[in-house]
Amino acid sequence: MARVGTALRELRGAQKSAKGVSLYSRYVNRPAGRYLAAGSYSLGLTPNQVTLVSAAFSFAAVAAVALAAPSWGLGAAVWAALAAGFAFDSADGQLARLRGGGSAAGEWLDHVVDAAKLTALHSCVLIAFYRFPDAYGTGADGWLLVPLGFQFASVVTFFGGLLTEKLKPKAAPGSPAAAPSALRAVALLPVDYGVFCLVFLLLGDGALFRWAYAGLGAVAALFLLAFLAKWFRELSAVRR
């Protein structure tokens with residue numbers, strides 16, 4: 001326990017900037033990841049092993065969505081597994097910082113798992129809509145396009161944001177970090193992955209889940225347009 005307590009104290013001073021992070025990630029997911037990172041550190045796990053634990057939780061939930069008929073019990077289990085996977089996704093980076101820094105291979109693995117998780121999750125919602133049309137009310141073929149559209153918006157946002165961070169000039173060492181915006185933290189809640197996971201709690205009512213999922217997909221598409229305009233404007237001022 002002493003080892004866990006020491007790790008927690010060190011991690012409190014080694015957090016990433018809260019700039020551009022929603023309230024859920026800042027006040028729920030990152031703190032949960034901090035405790036998981038401290039526990040993983042005490043067990044001697046490596047950041048890559050924690051990434052694989054995150055993947056195991058996430059893909060178990062994804063498979064359950066595609067294979068099982070919707071129910072309230074399934075919804076609770078899927079949400080719990082997705083939330084745990086998201087928390088471990090935060091923990092791997094925190095553990096790397098606690099151990100003195102991560103590796104290029106570890107960062108690569110983390111991003112590959114994230115990309116696979118996003119793609120698989122919306123694909124499995126599409127499969128569920130196809131396999132259980134009576135439960136979800138998705139007998140009309142048009143509903144099968146909703147997960148495809150949501151997947152497109154999520155994947156393009158993920159890679160667009162990642163590429164923007166790689167192309168933007170790095171801040172000079174020692175320069176003060178920009179203060180996080182409370183308004184932005186609230187505005188980003190609809191497109192936070194942790195908030196998205198909550199929609200699976202509605203799996204006990206297929207029609208309610210379908211409309212909530214479609215609503216979040218529409219919001220994701222609108223945010224994608226806003227993000228693309230913002231990122232292009234920022235990078236237009238960068239000369240290479």
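## A look at the overall build of the protein
Right, so step 1: Counting its regular elements, the protein contains 10 helices and 0 strands.
Right, so step 2: Helices (α) and strands (β) of the protein occur, in sequence order from the N terminus, as α-α-α-α-α-α-α-α-α-α.
Right, so step 3: Relative to its full complement of 240 residues, the protein shows a buried share of 40%.
Right, so step 4: Long-range pairs, those at least 24 residues apart, make up 82% of the contacts in the protein between residues at least 6 apart in sequence.
Right, so step 5: Here the protein displays about 12,400 Å² of accessible surface, and carbon together with sulfur accounts for 69% of that area.

## Thoughts on the confidence of the model for the protein
Right, so step 1: Counting all residues, the mean pLDDT for the protein is 88, and 87% of those residues have values of 70 or more.
Right, so step 2: Of all helices and strands in the protein, the one with the weakest mean pLDDT is helix H1 (residues 2–12) (59), whereas helix H3 (residues 47–67) scores best (96).

## A few points about the packing of aromatic side chains
Right, so step 1: Using the criterion set out here, one finds 18 aromatic pairs in the structure.
Right, so step 2: Pairing phenylalanine 200 with phenylalanine 209 gives two aromatic rings, centres 5.4 Å apart and planes at 45°, and the pair type is tilted.
Right, so step 3: Arranged with centres 5.8 Å apart and planes meeting at 50°, the rings of phenylalanine 223 and phenylalanine 227 form a pair that is tilted. Of this pair, phenylalanine 223 and phenylalanine 227 both sit in helix H10 (residues 206–236), separated by 4 residues, roughly a single helical turn.
Right, so step 4: Looking at phenylalanine 227, the relative accessible area reads 13%, which means it is buried.
Right, so step 5: Each member of the aromatic cluster is reached from another via a ring pair, and the members are Tyr24, Phe86, Phe129, Tyr136, Phe150, Tyr193, Phe196, Phe200, Phe209 and Tyr213.
Right, so step 6: Between lysine 117 and the ring centre of tyrosine 193, over which it is positioned, the NZ or CZ distance is 4.6 Å.
Right, so step 7: Over the ring of tryptophan 143 we find arginine 210; its NZ or CZ atom is 4.6 Å from the centre of that ring.

## What about the packing of H3 against helix H5 (residues 104–131)?
Right, so step 1: Running from amino to carboxyl end, H3 crosses H5 at an angle of 10°, the nearest separation of the two axes being 8 Å. The orientation of H3 with respect to H5, classified from their angle, is roughly parallel.
Right, so step 2: Considering only residue class, the contact of H3 with H5 consists of 16 nonpolar, 4 polar and 3 charged.

## Some thoughts on the nonpolar core
Right, so step 1: Of all hydrophobic cores here, the largest spans 35 residues; its most connected members are Val78, Leu82, Tyr193, Phe196, Phe200 and Phe209.
Right, so step 2: If you list the elements that add at least two residues to this core, you get H3, helix H4 (72–98), H5, helix H7 (145–167), helix H9 (193–197) and H10.
Right, so step 3: Those residues in contact with phenylalanine 200 that sit more than four places away from it in its chain are Val65, Gly75, Val78, Trp79, Leu82, Leu121, Val125 and Phe209.
Right, so step 4: Counting 6 residues, the second largest nonpolar core, distinct from the first, contains Ala37, Phe88, Ala91 and Leu98.

## Re the pattern of salt bridges
When their charged atoms lie close together, side chains carrying opposite charge are able to pair.
Right, so step 1: Tallying each qualifying case throughout the model produces 5 salt bridges.
Right, so step 2: Put simply, lysine 117 and aspartate 89 hold a salt bridge, and the shortest N to O gap is 3.9 Å. Placement of the pair is lysine 117 in helix H5 and aspartate 89 in helix H4, with a sequence separation of 28 residues.
Right, so step 3: A residue is classified by how much of its surface remains accessible, and lysine 117, at 4% relative accessible area, is buried.
Right, so step 4: On the basis of relative accessibility, which here comes to 14%, the residue aspartate 89 falls in the buried class.
Right, so step 5: A network of salt bridges, in which partner residues are shared, links Asp89, Asp114 and Lys117.

About the cut-offs
In every chain, residue numbers begin from 1 and rise along the written sequence. It should be noted that, the model being predicted, local features are given only for residues of pLDDT at least 70 and side-chain atom pairs only at 80 or more, the latter also being counted only at that level, while totals for whole chains, interfaces and linings use all residues. The side-chain numbers reported here are obtained from all heavy atoms of the structure, hydrogens and water having been left aside. Strands are runs of DSSP state E lasting at least two residues, helices are runs of H or I lasting at least four, and both sets are numbered from the N terminus onward. The buried label goes to any residue with under 20% of its type's maximum accessible area, the exposed label to any with over 50%, and the partly exposed label to all in between, with areas taken from a 1.4 Å probe on protein chains only. Contact criterion: two residues are considered in contact whenever any of their non-hydrogen atoms come within 4.5 Å of each other. Shrake-Rupley sampling with a 1.4 Å probe provides the accessible areas, and residues are treated as covered by the protein chains on show and by no other component. pLDDT gives the predictor's per-residue confidence on a scale running from 0 to 100. Any two of the Phe, Tyr and Trp rings considered here, Trp counted by its six-membered ring, make a pair once their centres fall within 6.5 Å; the pair's planes then place it as stacked at under 30 degrees, edge-to-face at over 60, or tilted in between. Counting as a charge over the ring demands two things of the Lys NZ or Arg CZ atom: a distance within 6 Å of the ring centre and an angle within 35 degrees of the ring normal. Structural elements are reduced to axes, namely lines fitted to C-alpha atoms, with helices fitted over the stretch in contact, and the angle between N-to-C directions of any two is expressed from 0 to 180 degrees. The labels follow the angle: roughly parallel below 35 degrees, roughly antiparallel above 145, roughly perpendicular from 65 to 115, and oblique for the rest. Each residue gets one of three labels, nonpolar for Ala, Val, Leu, Ile, Met, Phe, Trp, Tyr, Cys and Pro, charged for Asp, Glu, Lys and Arg, and polar for the others, Gly among them. Put simply, buried Ala, Val, Leu, Ile, Met, Phe, Trp, Tyr and Cys residues joined by side-chain atoms within 4.5 Å make one nonpolar core. Take a side-chain nitrogen of Lys or Arg and a carboxyl oxygen of Asp or Glu: if they are within 4 Å of each other, that pair is a salt bridge.

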